[in-house]
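Single-letter residue listing:
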2 protein chains.
Amino acid sequence: MLTSERKALIQQVLRREGRLVAKEFSQKLGVSEDTIRRDLRELAGEGLLQRVHGGALPASSAVADFASREQVGSSVKARLGQAAARMIQSGQIVFLDGGTTNVQLARHLPHDLKAVVVTHSPSIAVELVHHPSVEVELIGGRLFKHSIVAVGATCAKAISRIRADLFFMGATGIHPETGVTTGDREEAAIKNLIARQSAETVVLATREKLGAASPYQIVPLSDVGTVVTMSDLGEEVLAPFRSSHLTLVEV
Amino acid sequence: MLTSERKALIQQVLRREGRLVAKEFSQKLGVSEDTIRRDLRELAGEGLLQRVHGGALPASSAVADFASREQVGSSVKARLGQAAARMIQSGQIVFLDGGTTNVQLARHLPHDLKAVVVTHSPSIAVELVHHPSVEVELIGGRLFKHSIVAVGATCAKAISRIRADLFFMGATGIHPETGVTTGDREEAAIKNLIARQSAETVVLATREKLGAASPYQIVPLSDVGTVVTMSDLGEEVLAPFRSSHLTLVEV
DNA sequence: CTTGACTCTGCACGATATTGCACGAAACTA
DNA sequence: TAGTTTCGTGCAATATCGTGCAGAGTCAAG
């Protein structure tokens, strides 16, 4: 294990998990704690991370915020993202919507995956800069700041030229009757367009989204191919989504 | 085993495995470590890989790359960015190129500025999400990970539809004779296109960029309207840039 | 064919980097 | 406050680095 390799790994772990415990990490890598501590000290000296008692946190406060939120709300989204990332096969063209769950998905893409990721979210694009083999196609347009995704006519036109194998859709609600919904009309239209351009649409749904509904419908439930959700939800919540045309993946 | 053969093999291993340990590799090839070290040093000199203690890593992992670049004189860049941000007037349409200096510019945009920022850099877009009144137009395309900007035909087409008042260009070198240059051909083409679509081109140049030249010319110096740089540079460095058509802003 | 310039390679050696351990200081926890 | 964990530093062992140098091979001019 090369020193710089180890340092790169440390930063990767911080990006992915939002924190790093010195002792834990030293055991995982089979080196002494001193070595890890030294690495952390040096990286902190370069401003690349924030040193804390017992380990380290990401440098930027924004990421730190995000990381702590993640810890509090547990790593449900990370688990969903990880499961979803495994659905992608090499050579596929996948559309990644914006949103924190999809950021997790991007973070957990297998290191050796060769695929094309299309996205209208600059956050996702930035996240994938660190991936060694995934090619990123960024869709432009007017930036809708609330969701951090591009929308508008330019965006729609660019999307209409692309056909994807998979679409990982972000949404605020998924309901047996109202279908998949979100809070912005234009965003809904864009998502709908992407869904129509994709062979299969996948929705990653945390507990609070299942059975919820927002003002604007993106697609009816019949247009969704797969829903990825947690396995510890009650059957009464899941039952409405069990049907012949929809694959329900429980993580 | 020819030297060039060995060097090619080294690069192949790096592409395939993402790392190379000098000792290990020398044994596998049956040559001395010195030879391998020499090869690595030379390849690193050509920028084809990143030399590290014990071996080598791929050149543009962009990971530590961008992060470390971020660190290089960030306070200087912040001052340049701040000065440049003041050049923008309300109501203008400005094009913000990628790069760490321009991230600083984005960070220092006056809070009450009402303007449209066009960018092909997802990093810049994400940075501006928190600005209350600036509207962001994201230009899409294939993501060039090293610089974190969109490039390619789609990108060029989108740019050709926009006319901006100001273009804050990122570059790796600005030289009286070779003009403004950068390290990637396609990136240079995109930057050139943006410059042609803009009424005025501004270059933010830290000390090491002034008088430097990279392989690909973006525009000749005569196409640059303003250069923003530090005031503590020697006159012998600045003199070649003092001319009637170019405004030299010293911060 | 010989000679001289040049390149490549391996070796020697002093310099530098990295690592693990020891030990007292500081921080955290109950 | 007391006990435990983590931290930082000094130190020694080891690994790796860079450089100078010499031998071997190549090539072209004489």
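Here the structure is a predicted model, which is why all the values come from computation and not from measurement.

**Q** What's the story with the overall build of chain A in this structure? I'm lost.
**A** When you go through chain A residue by residue, the secondary structure sums to ten helices and 15 strands. At 19 Å, chain A has a C-alpha radius of gyration in line with the 18 Å of a compact globule built from 251 residues. With respect to the three principal axes, the spread of C-alpha positions in chain A is 55 × 40 × 30 Å. Here chain A holds 251 residues, and the buried ones make up 51% of them. Considering only intrachain contacts with a sequence separation of at least 6, the fraction spanning at least 24 residues in chain A is 59%. Of the accessible surface of chain A, which amounts to about 11000 Å², a share of 50% is contributed by carbon and sulfur atoms. Separation of charge centres in chain A, based on 28 positive and 27 negative side chains, amounts to 4 Å.

**Q** Help me out: how do you make sense of the protein's contact with DNA strand D in this one?
**A** Around DNA strand D sit 18 residues, and of these A:Arg37, A:Arg51, A:Gly54, B:Arg51 and B:Gly54 come closest. Take B:Arg51: an N or O atom from its side chain is 3.0 Å from a phosphate oxygen of DNA strand D. In the environment of DNA strand D, a phosphate oxygen lies 2.8 Å from a nitrogen or oxygen atom belonging to the backbone of B:Gly54. Mapped by element, the contributors of at least two residues to the surface near DNA strand D are helix 3 (33–45) and strand 2 (49–52) of chain A together with helix 3 (33–45) and strand 2 (49–52) of chain B. Residues that form the surface near DNA strand D fall into these classes: two nonpolar, six polar and ten charged.

**Q** Which parts of the structure should I look at to understand the protein's contact with DNA strand C?
**A** Near DNA strand C lie 16 residues; those nearest to it are A:Arg6, A:Thr35, A:Arg38, B:Arg6 and B:Thr35. Backbone atoms, meaning sugar and phosphate, make up 57% of the atoms of DNA strand C lying within 4 Å of the protein. At 2.7 Å, a side-chain N or O of B:Arg6 approaches a phosphate oxygen of DNA strand C. For DNA strand C, a phosphate oxygen lies 2.3 Å from a polar atom in the side chain of B:Thr35. Looking at the surface near DNA strand C, the elements that each hand over two or more residues are helix 1 (3–17) and helix 3 of chain A together with helix 1 (3–17) and helix 3 of chain B. Partitioned by chemical class, the residues of the surface near DNA strand C number two nonpolar, eight polar and six charged.

**Q** Looking at this structure, I do not really get the interface of chain A and chain B. What am I missing?
**A** You'll often see interface size given as the accessible area lost when the parts meet. Between chain A and chain B, the residue contacts involve 35 residues of the former and 40 residues of the latter. Buried surface at the junction of chain A and chain B, summed over both partners, amounts to about 2700 Å²; 63% is from carbon and sulfur atoms. Those elements that provide at least two residues to the side of chain A that touches chain B are helix 1, helix 7 (122–128), strand 6 (135–138), strand 7 (141–144) and helix 8 (153–160) of chain A. When residues of the side of chain A that touches chain B are assigned to their parent elements, the largest contribution, five residues, is made by helix 7 of chain A. Direction of pairing for strand 6 of chain A relative to strand 7 (residues 141–144) of chain B: antiparallel, over a ladder of two bridges. The residue of strand 7 of chain B that forms the bridge with A:Glu137 is B:Arg142.

**Q** In this structure, what is going on with the packing of helix 1 of chain B against helix 3 of chain B? I would like to understand it.
**A** Two quantities define a packed helix pair, namely the angle between the helix axes and the distance between the axes. All names here are of chain B. Contact geometry for helix 1 and helix 3: axes closest at 10 Å, N-to-C directions at 70°. The orientation of helix 1 with respect to helix 3, classified from their angle, is roughly perpendicular. In this structure, helix 1 uses Thr3, Arg6, Lys7, Ile10 and Gln11 to contact helix 3, whose residues at the interface are Thr35, Ile36, Asp39, Leu40, Glu42 and Leu43.

**Q** For this particular structure, what's the right way to read the sheet that holds strand 3 (residues 55–58) of chain B?
**A** The pairing of strands in a sheet happens through backbone hydrogen bonds and is either parallel or antiparallel. Residue and element names in this part refer to chain B. What the three strands build is an open sheet, ordered 1-3-2; its pairing is antiparallel. Both outer strands of the open sheet, strand 1 (20–21) and strand 2, are each paired with one neighbouring strand and no more. On the sheet, helix 3 packs against strand 1, strand 2 and strand 3 and is oriented at approximately 130° with respect to strand 2.

**Q** Quick question: what am I supposed to make of the side chain of B:Thr201 here?
**A** Residues and elements named next belong to chain B. Mapped onto the fold, Thr201 is located in strand 12 (residues 198–204). A residue is classified by how much of its surface remains accessible, and Thr201, at 3% relative accessible area, is buried. Look past the residues within four positions of Thr201 in its chain and what remains in contact with it is Phe167, Met169, Ala195, Asp223, Val224, Gly225 and Thr226.

**Q** Sorry, what's going on with the sheet that holds strand 14 (residues 226–229) of chain B here?
**A** Strand order in the open sheet formed by nine strands is 8(A)-7(A)-6(B)-5(B)-4(B)-9(B)-12(B)-14(B)-15(B), with mixed pairing between adjacent strands. Two strands bound the open sheet, and with one partner strand each, they are strand 8 (149–151) of chain A together with strand 15 (247–250) of chain B. The mean inter-strand angle of the sheet, taken between neighbouring strand axes irrespective of direction, is 30°. Across three bridges, the pairing between strand 7 of chain A and strand 8 of chain A is antiparallel. Considered in strand 8 of chain A, the bridge of A:Arg142 is made with A:Val151. Against the sheet, helix 9 (residues 185–196) of chain A makes contact with strand 7 and strand 8 of chain A, and its axis sits at roughly 90° relative to strand 8 of chain A, the strand it touches most.

**Q** So what exactly am I meant to see when it comes to helix 8 (residues 153–160) of chain B here?
**A** Along an α-helix, residues three or four positions apart point the same way, because every turn accommodates 3.6 residues. All names here are of chain B. All buried positions along helix 8 are accounted for by Cys155, Ala158 and Ile159. For helix 8, the arc enclosing every buried residue in end-on projection is 100°, short of the 170-degree limit, so these residues lie on one face. If you follow the buried residues of helix 8, they end up packed against strand 4 (93–96), strand 7, strand 8 (149–151) and helix 9 (185–196).

**Q** Any chance you could explain helix 9 of chain B here in plain terms?
**A** Residues and elements named next belong to chain B. Over its twelve residues, helix 9 runs 17 Å from end to end, which matches the ideal 16 Å to within 8%, given 1.5 Å per residue. Turning to helix 9, its buried residues are Glu187, Ala188, Ile190, Lys191, Asn192, Leu193, Ile194 and Ala195. Where helix 9 begins, the side chain of Asp184 points an oxygen toward the backbone nitrogen of Glu186, at a separation of 3.1 Å.

What counts, and at which threshold
Every chain's residues receive numbers from 1 upward, in the order its sequence appears when written. Chain letters start at A and ligand numbers start at 1, both assigned in the order the entries are written. Where local features are concerned, this predicted model is filtered to residues with pLDDT of at least 70; where side-chain atom pairs are given and counted, the filter is 80 or more; whole-chain, interface and lining totals use all residues. To get the side-chain values, all heavy atoms of the structure are used, and hydrogens and water are removed first. In DSSP terms, a helix is any run of H or I states spanning at least four residues, a strand is any run of E spanning at least two, and both are numbered starting from the N terminus. Each radius of gyration is computed over the set of C-alpha atoms, and the globule rule expresses the reference value as 2.2 Å times the number of residues to the power 0.38. For the exposure calls, accessible area comes from a 1.4 Å probe over protein chains only, and a residue counts as buried if that area is under 20% of its type's maximum, exposed if over 50%, partly exposed in between. Only heavy atoms matter for contacts: two residues are in contact if any of them lie within 4.5 Å across the pair. To be clear on the numbers: accessible area is Shrake-Rupley with a 1.4 Å probe, and residue cover counts the displayed protein chains and nothing else. Charged residues are defined narrowly, with Lys and Arg counted positive, Asp and Glu counted negative, and His plus the chain ends left uncounted. By convention, the charge on Lys lies at NZ, on Arg at CZ, on Asp at CG and on Glu at CD. By convention in these notes, a residue is near a molecule or strand provided one of its non-hydrogen atoms lies within 4 Å of it. As used in this structure description, the phrase polar contact means that two N or O atoms lie within 3.5 Å; if the pair is within protein, one of them must be able to donate a hydrogen and the other to accept it, and residues adjacent in sequence are counted only when both atoms belong to side chains. Residues are grouped as follows: Ala, Val, Leu, Ile, Met, Phe, Trp, Tyr, Cys and Pro are nonpolar; Asp, Glu, Lys and Arg are charged; every other residue, Gly included, is polar. Here the quantity called buried area is the accessible surface, traced with a 1.4 Å probe, that two parts lose on coming together, added over both. Two strands pair if DSSP finds at least two bridges between them. Fitted lines through C-alpha atoms serve as axes, helices being fitted only where they are in contact, and the angles separating the N-to-C directions of these axes extend from 0 to 180 degrees. An angle below 35 degrees is read as roughly parallel, one above 145 as roughly antiparallel, one from 65 to 115 as roughly perpendicular, and any other as oblique. Our arc is simply the arc of the directions from the helix axis toward the C-beta atoms. Expected helix span is taken as 1.5 Å per residue step, with the number of steps being one fewer than the number of residues.

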